[in-house]
Amino acid sequence: MVMEIVCPAGTPAALRAAVKAGAHTVYCGFNDETNARNFPGLNFDRAEMRAGVDFAHAHGSKVLVAINTFPRAGDEAIWHRAVSAAEASGADAVILADLGLLDYAARNHPGLRRHLSVQAAAANADVINFYADTFGVKRVVLPRVLSVPEIAAINCETKVETEVFVFGGLCVMAEGRCSLSSYATGLSPNMNGVCSPASHVEYNEQQGVLDARLGGYLIHRVEKGQPAPYPTLCKGCFSAGDKTGHLFEDPVSLNAEKLIPQLQKAGVTALKIEGRQRSKSYVAQVVRNFRTAVDALEAGQPMPEGMLARLSEGQAMTTGAYKKTWR
Amino acid sequence: MPYPQNQIPLCPAPLAAALRVIPLAPLSLSLTVFSRKIARNNPGLINRLGEFDTTDFVLDPTDLPIVLCLNPNGGLPKVKLTRRRQAKGSTRISGPLAALLGLVHGAFDGDALFFSRDLVVEGDTSAALALRNAVDDAELNLALEAASLSGPFARPIQQLIALAERQTGLCLTRPEDAALW
Amino acid sequence: MELTVGPNQFFWPADTWSGFYNDLAGSPVDRVVIGELVCSKRLPFYQERIPEAISKLVEAGIDVALTSLALVTLKRERKLTSELAEMGIAIEINDLTALAHLPEGTGFSVGPLVNVYNEGTLRWLASRGARRVCLPPELPIKSVESLVKAAADLGVAIEVWGHGRLPLAISGRCYHARLHGRTKDNCQFACEDDPDGLDVRTEDGRPFMAMNGVQTLSDSYACTDHQIELLRSVGVSALRLSPQSQGFMQLCSMYRQRLDRNLNRGELSKDVLSTNPGIRLSDGFLLGACGADWSGA
């Protein structure tokens, strides 16, 4: 089976671009706090979602709807309505993280396929099987803390399909279990669907030195002509002891295209591209690359060389946790 | 598709020189009319701006002696060209004209331009992000929109678009229309 | 309101560890969660001392629960987690993996690293046997209030992060090892040098976070001195105090006095700041604009 390419779409235009560029599957979210990319100007209203699903289906692609924040106490109905709307739009599955919402969807929308979001950080076969047995989860998006051999071991012990991130932004922390952003800004991925939100970013350029602050904390200071990464907390430059540097993670982005053959051997079903906040031109380019790669792999041809470096953050790439030395 | 860094053409001196002397008020008026037409034809654009649909944006083509002040004004946009670099706004996006136009036309990825510092955002980053995302979704075709303009404001805009195409080397009809099909 | 002492988040020498729990047996707290939360590699250094510490605490009339690890990935960690259920002692789950191994119907508590953000999740956990839930520290007071109401109907006690550096993130990567240029597998236990975590500052010198192996904590010590009346009025049943290497027994006594109305609002935090002049306090997650805010400033 050819590996499934799962592509981000932050806008209807990006969805169409991804489908036309060869995405087997597109994932997107509603334009509210129910999804983990709740950024200004992004995402789909109900009508756009229906039209997007129709467009994708007409071209033989699938659509997954991410409802992967943790519902706010007292306001769960907003998230419940999102699940209903996803089903009504004809989406092929919902991507959920919250236990209560999984339970709700399993009881009230049994016919709607359920995927476990990376935000649930299910990092071993025991807990994955637990989600499958309890909530009928059919696929799990694996957290970005696992090495390729660990992914292979998981696939030996579970029937649940696995989806792994291969390209784009990289969370260095276990997803869904990080409150760095709300500590500095009051807004978090879990509650608000944003990390290091733009509303709390300040750039200040003086004499060619660019300071990027988040919630008042200095995250990056770069000289003229240096790449300027977005001030994501965990990729900032900090000091501890007598050392200064990127103590948590360098401003790199994930590129595991060279690992695709190994991921296939490890039993992975689907390859996920991060970036619902990126433009449609970016999405189309990345999708075309990965589609070419998996098609070549399926045909037994050599993998094409990587072309994607320049689209990345700070123009540096990592294979992340897939190689054990990352830890 | 072109990669951003090192390949963004700068506007040549003659165009910059011309913009230093021509009166800006009529051009501002033409651009206001043009932007209203675009807003009317692309209602999704204003919807996507959400809470930022009345924000003062300053678009600063760094290779030209003018800046463009844009307020979407809830769907009835106002555009004002000025030679003052200090033009006030909630958010300012600066970069070569080719980068700004390439962004509108989906030729470049905003994040990639920003990482390479071809684009610089100051002020309210959320507003800049909303504008970027809204424009990316709208799939604007400036040349086509300009061609369909009529009346006294049509000619200056059509000339401006043609000039911008020549000077930036960007094709202001949609690039992926050719590339994707 | 009761006082719960959370699991020690740091790596202390075994003797220090034993001494700490020995002292806790004489402290005015109601409940202690014990065991390794952060890194499975630390456990062998004090594992065999756990039973003795537990019996001392139990003899002193203190309830004891064993914590699960916060992030379970390796085979040995899965085994450890599955064995927890067989220890014959109450379990606090801090990763859902632990729940997968508990026989259905077994009662358990839920720690602050499990995402309990809403009534639906609370209800589902209660249906599986949850009796006590310590809420994630990032929850605002409005959520705490809603969850306490729902918990009352379900017979679940709600606990709130009361004092100590906030657990903000957990990772597959060890930052202490990275800082020392080592891999996680060859970390040489770099985290042992920092019994309260290693301060992380911004490039312009502002204290921000603290690293603790695979865990990232806040620089500030969360402190609920100014919110105790509020938390009591919404029906929170316990405050969680997180172990620190200095002055912890004194801190427990002060919180006891504060809960018993023998200390006025503001006195506790004033004392903490005067005895530890180098630290910063925060209580922003409950009421402030962001977690780092401090209402006593």
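### Describing the overall build of chain B
- Counting its regular elements, chain B contains nine helices and five strands.
- When the helices and strands of chain B are placed in sequence order, the string is α-α-α-β-β-β-β-α-α-β-α-α-α-α.
- Its C-alpha atoms give chain B a radius of gyration of 15 Å, near enough to 16 Å, the size a compact globule of 181 residues would have.
- Taking the principal axes of the C-alpha coordinates as reference, chain B spans close to 40 × 40 × 35 Å.
- Expressed as a percentage of contacts within chain B between residues at least 6 apart in sequence, the contacts between residues at least 24 apart total 72%.

### Considering the overall build of chain A
- Helices and strands together make up the secondary structure of chain A, namely 10 helices and 16 strands.
- Principal axes of the C-alpha set define a box for chain A whose edges measure 60 × 55 × 40 Å.
- Here chain A, with 327 residues, has 65% of them falling under the buried criterion.
- Expressed as a percentage of contacts within chain A between residues at least 6 apart in sequence, the contacts between residues at least 24 apart total 63%.

### Brief notes about the interface of chain A and chain C
- Counting from both sides, the interface comprises 53 residues of chain A and, opposite them, 52 residues of chain C.
- Listed by contribution, the elements that provide at least two residues to the side of chain A that touches chain C are helix H4 (99-108), helix H5 (125-135), strand S8 (173-178), helix H7 (180-185), helix H8 (189-192), strand S11 (217-222), strand S12 (238-240) and strand S13 (243-245) of chain A.
- Taken together, the residues that form the side of chain A that touches chain C break down as 28 nonpolar, 15 polar and 10 charged.
- When S8 of chain A meets strand S7 (residues 157-171) of chain C, the two strands line up antiparallel, connected through two bridges. Following the sheet pairing, Cys178 of chain A is matched in S7 of chain C by Ala169 of chain C.

### Structural notes on the domain arrangement of chain A
Residues and elements named next belong to chain A.
- Domain annotation for chain A reports domain 1 (4-170 + 252-326) and domain 2 (180-245).
- If you average the C-alpha positions of domain 1 and of domain 2, the two centres end up 26 Å apart.
- Taken together, the contact between domain 1 and domain 2 spans 13 residues of the former and nine residues of the latter.
- Looking at the side of domain 1 that touches domain 2, its residues break down into four nonpolar, five polar and four charged.

### Remarks on the pairing of strand S2 (residues 31-34) of chain C
Residue and element names in this part refer to chain C.
- Residues Arg31 and Val33 point to one face of S2 and Val32 and Ile34 to the other, with burial holding for every one of them.
- Pairing analysis gives two bridges linking strand S1 (residues 2-5) to S2, with the strands arranged parallel. In the strand pairing of S2, Val5 is matched with Val32.
- Between the parallel elements S1 and S2, the chain passes through helix H1 (residues 14-24) in a crossover that is right-handed.
- Handedness of the crossover is the feature at issue here: the chain leaves S2, passes through helix H2 (residues 50-59), returns alongside strand S3 (residues 63-67), and the resulting connection is right-handed.

### A short note on the sheet that holds strand S2 (residues 67-71) of chain B
All names here are of chain B.
- Pairing in this open sheet of five strands is mixed, and the strands run S3-S2-S1-S4-S5 from one edge to the other. The open sheet terminates on both sides in strands that have one partner only, identified here as strand S3 (78-82) and strand S5 (120-123). Averaged over all pairs of adjacent strands, the angle between strand axes in this sheet comes to 20°, irrespective of strand direction.
- Pairing between strand S4 (residues 91-95) and S5: four bridges, direction antiparallel. Its bridge partner lying in S5, Arg92 is registered against Glu122.
- Strand contacts of helix H6 (residues 125-138): strand S1 (57-61), S4 and S5, with the helix running at about 60° to S4, the strand carrying the most contacts.

### A closer look at the nonpolar core
- Core analysis: the biggest nonpolar cluster contains 270 residues, and Ala18, Val26, Val65, Ile67 and Val287 of chain A together with Val133 of chain C have the highest contact counts within it.
- Of the residues that make up this core, three or more belong to each of domain 1 (4-170 + 252-326) and domain 2 (180-245) of chain A.
- If we ignore the near neighbours within four places in the chain, the residues touching Val133 of chain C are Ser109, Val110, Val116, Leu122, Leu125, Ala151, Val156, Ile158 and Glu159 of chain C.

### What to know about helix H6 (residues 141-154) of chain C
Residues and elements named next belong to chain C.
- The end-to-end C-alpha separation of H6 is 20 Å, in line with the 20 Å expected for 14 residues at 1.5 Å each.
- Those residues of H6 that sit buried are Ser143, Val144, Glu145, Ser146, Leu147, Val148, Ala150 and Ala151.
- Against helix H5 (119-128), strand S6 (130-134), S7 and helix H8 (228-234) lie the buried residues of H6.
- Gly155, located one to two residues past H6, shows a positive phi value of around 70°.

### Quick look at the packing of helix H3 (residues 76-88) of chain A against H4 of chain A
Residue and element names in this part refer to chain A.
- Two numbers describe how H3 lies on H4: the axes approach to 11 Å, and their chain directions differ by 45°. With respect to their mutual orientation, H3 and H4 come out oblique. The handedness of the crossing between H3 and H4 is right-handed. Contact with H3, carried on its side by Glu76, Trp79, His80 and Val83, involves Gly100, Leu101, Tyr104 and Ala105 of H4 and no other residues of that element.
- Looking at the contact of H3 with H4 residue by residue, the class counts come to five nonpolar, two polar and one charged.

### Re the interface of chain A and chain B
- Each partner contributes to the interface: chain A provides 31 residues, whereas chain B provides 34 residues.
- Of all the elements in the fold, those that place two or more residues in the side of chain A that touches chain B are helix H1 (12-20), strand S9 (201-206) and helix H10 (280-298) of chain A.

### What about the pairing of strand S4 (residues 90-93) of chain C?
Residues and elements named next belong to chain C.
- Examined bridge by bridge, S3 and S4 share three bridges and lie parallel to one another. From the neighbouring strand, Ala65 faces S4, where its bridge partner is Ala90.
- Where the polypeptide runs from S3 across helix H3 (residues 75-84) and back to S4, its parallel neighbour, the crossover connection is right-handed.
- In the sheet, S4 pairs with strand S5 (residues 108-110) via two bridges, with the strands oriented parallel. If you follow Ile93 over to S5, its bridge partner there is Val110.

### Some remarks on the packing of H4 of chain A against H5 of chain C
- As a packed pair, H4 of chain A and H5 of chain C sit with axes 7 Å apart at the nearest point and diverge in direction by 80°. Our classification of the angle between H4 of chain A and H5 of chain C gives roughly perpendicular. Within the contact between the two elements, H4 of chain A uses Leu99, Gly100, Leu101, Asp103 and Tyr104 of chain A and H5 of chain C uses Gly120, Thr121, Arg123, Trp124 and Leu125 of chain C.
- Split by residue class, the contact of H4 of chain A with H5 of chain C holds five nonpolar, three polar and two charged.

### Observations regarding the arrangement of the chains
- Across the two pairs of chains in contact, the largest number of contacts is found between chains A and C.
- Separating chain B from chain C is a minimum C-alpha gap of 18 Å, and the two share no contact.

### Details of the environment of Ala146 of chain B
All names here are of chain B.
- With respect to the helices and strands, Ala146 occurs in helix H7 (residues 142-147).
- Exposure remark for Ala146: the 21 C-beta atoms within 10 Å place this residue in the buried category.
- In the structure, Ala146 is positioned 67 residues away from Val79 in sequence and 16 Å away in space, judged by C-alpha atoms.
- Not counting chain neighbours up to four residues away, the residues in contact with Ala146 comprise Phe34, Ile157, Gln158 and Ile161.

### Describing the sheet that holds S11 of chain A
Residues and elements named next belong to chain A.
- Strand order in the open sheet made by the three strands is S9-S10-S11, with antiparallel pairing throughout. The sheet is open, and its two borders are formed by S9 and S11, each paired with just one other strand. Strand-to-strand, the axes of this sheet are offset by a mean angle of 20°, without reference to chain direction.
- Across six bridges, the pairing between S9 and strand S10 (residues 209-214) is antiparallel.

### Here we look at the confidence of the model for chain B
All names here are of chain B.
- Residue-level pLDDT values for chain B average 82, and 90% of them are 70 or greater.
- Low pLDDT (under 50) marks residues 176-181, which in the prediction has six contacts with non-local residues, meaning those over four places away or in another chain.
- For this predicted complex, the interface confidence score (ipTM) comes to 0.96, while the overall pTM stands at 0.92.

Rules of the game
- Residues numbered from 1 in each chain as written.
- Chains lettered and ligands numbered in written order.
- Predicted model: local features only at pLDDT ≥ 70, side-chain atom pairs only at ≥ 80, totals over all residues.
- Helix = DSSP H or I, 4+ residues; strand = E, 2+ residues; numbered from the N terminus.
- Rg over C-alpha atoms; globule rule 2.2 N^0.38 Å.
- Contact = placed C-beta atoms within 7 Å.
- Buried ≥ 20, exposed ≤ 12 C-beta atoms within 10 Å, placed from the backbone.
- Nonpolar A, V, L, I, M, F, W, Y, C, P; charged D, E, K, R; others polar.
- Pairing = 2+ DSSP bridges.
- Domains from an automatic or database assignment.
- Right-handed = clockwise from strand over helix to strand, strands pointing away.
- Axes fitted to C-alpha atoms, helices over the stretch in contact; angles between N-to-C directions.
- Core = buried A, V, L, I, M, F, W, Y, C linked by C-beta atoms within 7 Å.
- Expected span 1.5 Å × (residues − 1).
- Parallel < 35°, antiparallel > 145°, perpendicular 65-115°, else oblique.
- Left-handed = near helix turned anticlockwise from the far one by under 90°.
- pLDDT = per-residue confidence, 0-100.

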